[in-house]
Amino acid sequence: GRCGPDRLRELLNRTDLGWVSHLRSQQLPALESFAGASAIPQWNPLADIAHYRAAVQSIFDLGTNPTDQALAGLLKQCECNAGVLGGLVAAVAQEVGLPAVSGVGVPKWAKGVQSAIADCADLPGPTRKMLHFFCGETGGLLQGSTGRKILVFRWLAHLSALSLTAASQAVWLTPVAVAMLEPAAVRDSFLPSMPMDARAAMSHILGGGWYKCPNGHSYYVDACGRPTEVLQCPECGADIGGLDHELLESNRKGTEDESPSGYSVSAYNENNLDRFLHLRELSPLAARMLRALMHGTMLISAVTRDARPAINEIVDLPPSLPEFFSQQLASDLSLAAELLGGADETLAVCLHDVLDALSTTVDVRGLSQALDKLSSDTAVAEDDEEGDGQAGADAAVLQRRQQYKVSVRGKQDWRQLTKDARAAWEIGVQHLYLFPRLETAGRDDRVAALLKKWGGSGMRAGPFLADLEERTPPELLAACERIASLPLVWSFQPELTQTSLQKAVFSHPDSATRFPALSAVLRLHQRMASLRFLPQVMTWANLVASRFSRRMTLEQARSATVRSILADLPETEAPKWQAAFAGFCAAWNCSRQWITHFECQQIPKEYTERTMSDDVPLSFTAHTEKDEGLIAFALQMWLVETHNAVVEITSADSSRVPRLSSRLAQFSDVCVFGKGHTAIEELITFANDRCVGDAGVDLLRSEPE
């Protein structure tokens, strides 16, 4: 009592004290749990899970009395009672698994728990695998520091325990729970946080809609997405568009969103391609949190059963699904912690808090109200805008949200989601649960309150913590030191970096509305990097067409390498060809991960995975609408579409931007991005020179400039 619990815990972990050795040799469960708590966070968010306390008591009873049958009784109920299994998963993870993950090791008394699970004949295979995993038998799947492993392990236990009951209910967590427990049932469902296809992404950025001419050629109508003029199809000359928002009878509406169903993040690197992930109407932090939720779900699914039925065929199955999902989850959590601007523990507290919120019944009325409020805010912004471009884009957003409302009206079955229902689900989770919990203002107080509620000590302060965080409380400094050093705080001007600018912009929930140009550049900068090569791509296409069109057969083009073609050129022409081809190679090599389709055709992977160099056959660089020449054609069209999207967003008056087909575009029709530098590098240099002051970056000044 005089020394306090921390001092007692320290003494109990010493190996040079005889009385401690004697006491610890008795393997008393309560004592071992108390002594091991030095390596395990004191706060426990699992304690409120149904059946948790009964499960913990049965574990301790078995440790004290190896013949006790309470745990065996609970194990027999697991197949028919998901709530009991959820409580048991949480209890096993807290009392048996955490010591193993923390490096303390599974206590001897807890080995009886593992034996009881192995010996219970009533447990289905997936249930047995789940319990063994949360006994600490993780197979090295958890990544990061010991502290990170502990936090992730307990969050996975919380997710699994709640999912076991959510799969059969109408709660927010239901679509996620079904993916964990019934992978085959979500193959045709549109899972939260999964990628969207390029055309749908463009529609979300610009508004607008896709249509097809009488001959099936796709074209795009910007702004509100409804035609107001009749033009000619650049491909075949047929009439396209319409008047007074009425589509020509000979035209038809195209498919705007061809996003794949099921799990569809196609590669580990793809998950890191956009550090500030944007999906539909999700903010980067919300998108990353929900992506972590899905990868945690898929990790447990892959550990406990065959998760392959949930995976879309566009994904190349890795050798080990558990390792793949573990890597994805580790990446998501690292990026989420970076966006949150807090420690791992803060992120873990927020994740547990969100899980508890998602285990509540779906409030369809509250979801509809959230959609109505968003639509109302957008309508007000539309009224305040000058120019038709932004107003039209906002009109398209309003139309989409109305579709979302229709998709969830009266919805009872949340086990499978349509595209619209997924978007509505994401908006509801973001605005009803994520934003209130992740707002910077008041977050520390909320985290402290949760830690206190869950049995922790809350936010701690003092000289030691201040030193760890590389800050010193002013009251600890001598008066002379304060006078000498504190005024320097006011003269410090932070240097702006790409990460700090992205955080400043994307920390605003409505960043796309408040800072459309900044948001566009920061979202698209990786794709914009290849726009500097667009003139060379066009030049190469013209050179090849003018020299070889109708003069070389396909078989001849396949047998001739670009190197041999360049070697045969006259000295006066060679430099122009070499420069154009160098730009073509650079454009393809840094863009190919996004070029997966040409109009309605999917480009074969053996083409998109090819690195461009002068060793490739000429046929891969000549524009054709089939075979290997498809990639050159698709590259130019993708570059022009990306170019036009950037110009559309960043133009002060988008109604004055001339429209031109990607097939007809020439060098003189394009803006050149990043002459020697990437667009993001130029933006950072400009913002540091013009928009950074003592108080940080002035986003409102950066936006129009």
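Criteria and thresholds
Residues numbered from 1 in each chain as written. Predicted model: local features only at pLDDT ≥ 70, side-chain atom pairs only at ≥ 80, totals over all residues. Heavy atoms only, no water. Helix = DSSP H or I, 4+ residues; strand = E, 2+ residues; numbered from the N terminus. Buried < 20%, exposed > 50% of the residue type's maximum accessible area, 1.4 Å probe, protein only. Contact = heavy atoms within 4.5 Å. Pairing = 2+ DSSP bridges. Core = buried A, V, L, I, M, F, W, Y, C linked by side-chain atoms within 4.5 Å. Expected span 1.5 Å × (residues − 1). Axes fitted to C-alpha atoms, helices over the stretch in contact; angles between N-to-C directions. Parallel < 35°, antiparallel > 145°, perpendicular 65-115°, else oblique. Nonpolar A, V, L, I, M, F, W, Y, C, P; charged D, E, K, R; others polar. pLDDT = per-residue confidence, 0-100. Arc of directions from axis to C-beta. Phe/Tyr/Trp six-rings, centres within 6.5 Å; stacked < 30°, edge-to-face > 60°. Lys NZ or Arg CZ within 6 Å of the ring centre and 35° of its normal. Salt bridge = Lys/Arg side-chain N within 4 Å of Asp/Glu carboxyl O. Polar contact = N/O pair within 3.5 Å; in protein donor to acceptor, adjacent residues only side chain to side chain.

Draft legend 1. Quick peek at the overall build of the chain. When helices and strands are tallied, the chain shows 33 helices and ten strands. When burial is assessed residue by residue, the chain has 51% of its 705 residues classed as buried. In the chain, the share of contacts with a sequence separation of at least 24, taken over all contacts with a separation of at least 6, comes to 68%.

Draft legend 2. The sheet that holds strand 6 (residues 252-253), seen in detail. Taken in spatial order, the three strands make up an open sheet running 2-1-6, and their pairing is antiparallel. Because the sheet does not close on itself, it has two edges, and the strands there are strand 2 (218-221) and strand 6. Note: strand 1 (residues 209-212) against strand 6, two bridges, orientation antiparallel. Bridge pairing links Tyr211 to Lys253 in strand 6.

Draft legend 3. Just the nonpolar core, in detail. If you look at the biggest cluster of nonpolar residues, it comprises 123 residues, and the most contacted ones within it are Phe134 and Leu173. With 13 residues, the top contributor of residues to this core is helix 13 (residues 284-304). Beyond its immediate stretch of four places on either side in the chain, Phe134 contacts Val89, Val92, Ala93, Gly97, Phe153, Leu156, Ala157, Ser160 and Ile300. Val521, Trp540, Ile565 and Met612 belong to the second-largest nonpolar core, a separate cluster that totals 43 residues.

Draft legend 4. Region of interest: helix 14 (residues 321-340). Taking 1.5 Å of rise per residue, 20 residues should cover 28 Å, and helix 14 covers 28 Å from first to last C-alpha, within 8% of that figure. Burial analysis of helix 14 places 16 of its 20 residues in the buried class, which makes it a mostly covered element.

Draft legend 5. Focus on the sheet that holds strand 3 (residues 230-232). Reading across the sheet, the three strands line up as 3-4-5 and stay open at both edges, with antiparallel pairing between neighbours. Strand pairing shows two members of the sheet lacking a second neighbour, strand 3 and strand 5 (246-247), which therefore form its edges. When strand 3 meets strand 4 (residues 239-243), the two strands line up antiparallel, connected through three bridges. Of the residues in strand 4, the one forming a bridge with Gln232 is Asp239.

Draft legend 6. Broad picture of unusual backbone geometry. Unlike most non-glycine residues, His245 shows phi in positive territory, near 65°. The residue His245 is located in the loop between strand 4 and strand 5 in this model. Owing to a relative accessible area of 35%, His245 belongs among the partly exposed residues under this scheme. Here the phi dihedral of Arg550 falls at roughly 65°; this positive angle occurs in a residue that is not glycine. Structurally, Arg550 can be placed in the loop between helix 26 (534-548) and helix 27 (554-559). Accessibility expressed as a relative area gives 86% for Arg550, which makes it exposed.

Draft legend 7. Main features of the packing of helix 9 (residues 146-166) against helix 10 (residues 174-181). Interaxial distance between helix 9 and helix 10 falls to 8 Å at its minimum, and their mutual angle equals 100°. The angle between helix 9 and helix 10 falls in the class roughly perpendicular. In contact with Leu159, Ser160, Ser163, Leu164 and Ala166 of helix 9, helix 10 contributes Thr174, Ala177, Met180 and Leu181. Residue classes in the contact of helix 9 with helix 10 are distributed as six nonpolar, three polar and no charged.

Draft legend 8. How the structure looks around the confidence of the model for the chain. Residues at a pLDDT of 70 or more form 72% of the chain, whose mean pLDDT is 78. Within the model, pLDDT remains below 50 along residues 1-6, and this stretch shows three contacts once partners closer than five positions in the same chain are excluded.

Draft legend 9. Region of the structure containing the pairing of strand 2. Where strand 1 and strand 2 come together, four bridges link them in antiparallel fashion. The partner of Trp210 across the bridge, within strand 2, is Tyr220. Connecting the antiparallel pair strand 1 and strand 2 is a turn made up of five residues, with Gly216 showing a positive phi of about 85°.

Draft legend 10. Structural context of helix 5 (residues 70-77). Those residues of helix 5 that sit buried are Leu71, Leu74 and Leu75. Within helix 5, the buried residues cover an arc of 100° as seen down the axis, which keeps them to one side. For helix 5, the elements touching its buried residues are helix 4 (52-64), helix 6 (82-102), helix 7 (111-119) and helix 8 (125-134).

Draft legend 11. Here's a closer look at the packing of aromatic side chains. Here the structure, examined in full by the defined rule, presents 15 aromatic pairs. Measuring from ring centre to ring centre gives 5.1 Å for Tyr263 and Phe325, while their planes differ by 85°; the resulting arrangement is edge-to-face. Residue Tyr263 is located in the loop between strand 6 and helix 12 (268-273), and its partner Phe325 is located in helix 14; the two are separated by 62 residues in the primary sequence. Note on Phe325: relative accessible area 0%, which makes it buried. Look at Trp540 and Trp577: their rings are 5.5 Å apart centre to centre, the planes differ by 85°, and that puts the pair in the edge-to-face class. With Trp540 in helix 26 and Trp577 in helix 29 (residues 574-591), this residue pair connects regions lying 37 residues apart in the sequence. Residue Trp540 is classed as buried on the basis of its relative accessible area of 0%. The buried category is assigned to Trp577, whose relative accessible area is 2%. Three or more aromatic residues link up through ring pairs in this structure, and these residues are Trp540, Phe548, Trp577, Phe581 and Phe584. Over the face of the ring belonging to Trp43 we find Arg154, whose NZ or CZ atom lies 4.7 Å from the ring centre.

Draft legend 12. Seen up close, the packing of helix 4 against helix 5. At a minimum axis separation of 8 Å, helix 4 and helix 5 run at an interaxial angle of 135°. Taken together, the axis directions place helix 4 and helix 5 in an arrangement best described as oblique. Here helix 4 contributes Ala54, Ala55, Ser58, Ile59 and Leu62 to the contact with helix 5, which in turn contributes Ala70, Leu71 and Leu74. Counted by class, the contact of helix 4 with helix 5 contains seven nonpolar, one polar and no charged residues.

Draft legend 13. Representation of the pattern of salt bridges within the structure. All told, the structure shown has 15 salt bridges when counted by the stated rule. Among the salt bridges present, the one from Arg288 reaches Asp332, with a minimum N-O distance of 2.8 Å. Taken together, the residues span a long stretch of sequence, with Arg288 in helix 13 and Asp332 in helix 14 at a distance of 44 residues.

Draft legend 14. How the structure looks around the side chain of His158. Within the secondary structure, His158 is located in helix 9. Of note is the side chain of His158, whose polar atom sits 2.8 Å from the side chain of His352. Residues contacting His158, with those up to four places away along its chain left out, are Pro45, Leu46, Ile49, His352, Leu355 and Asp356.

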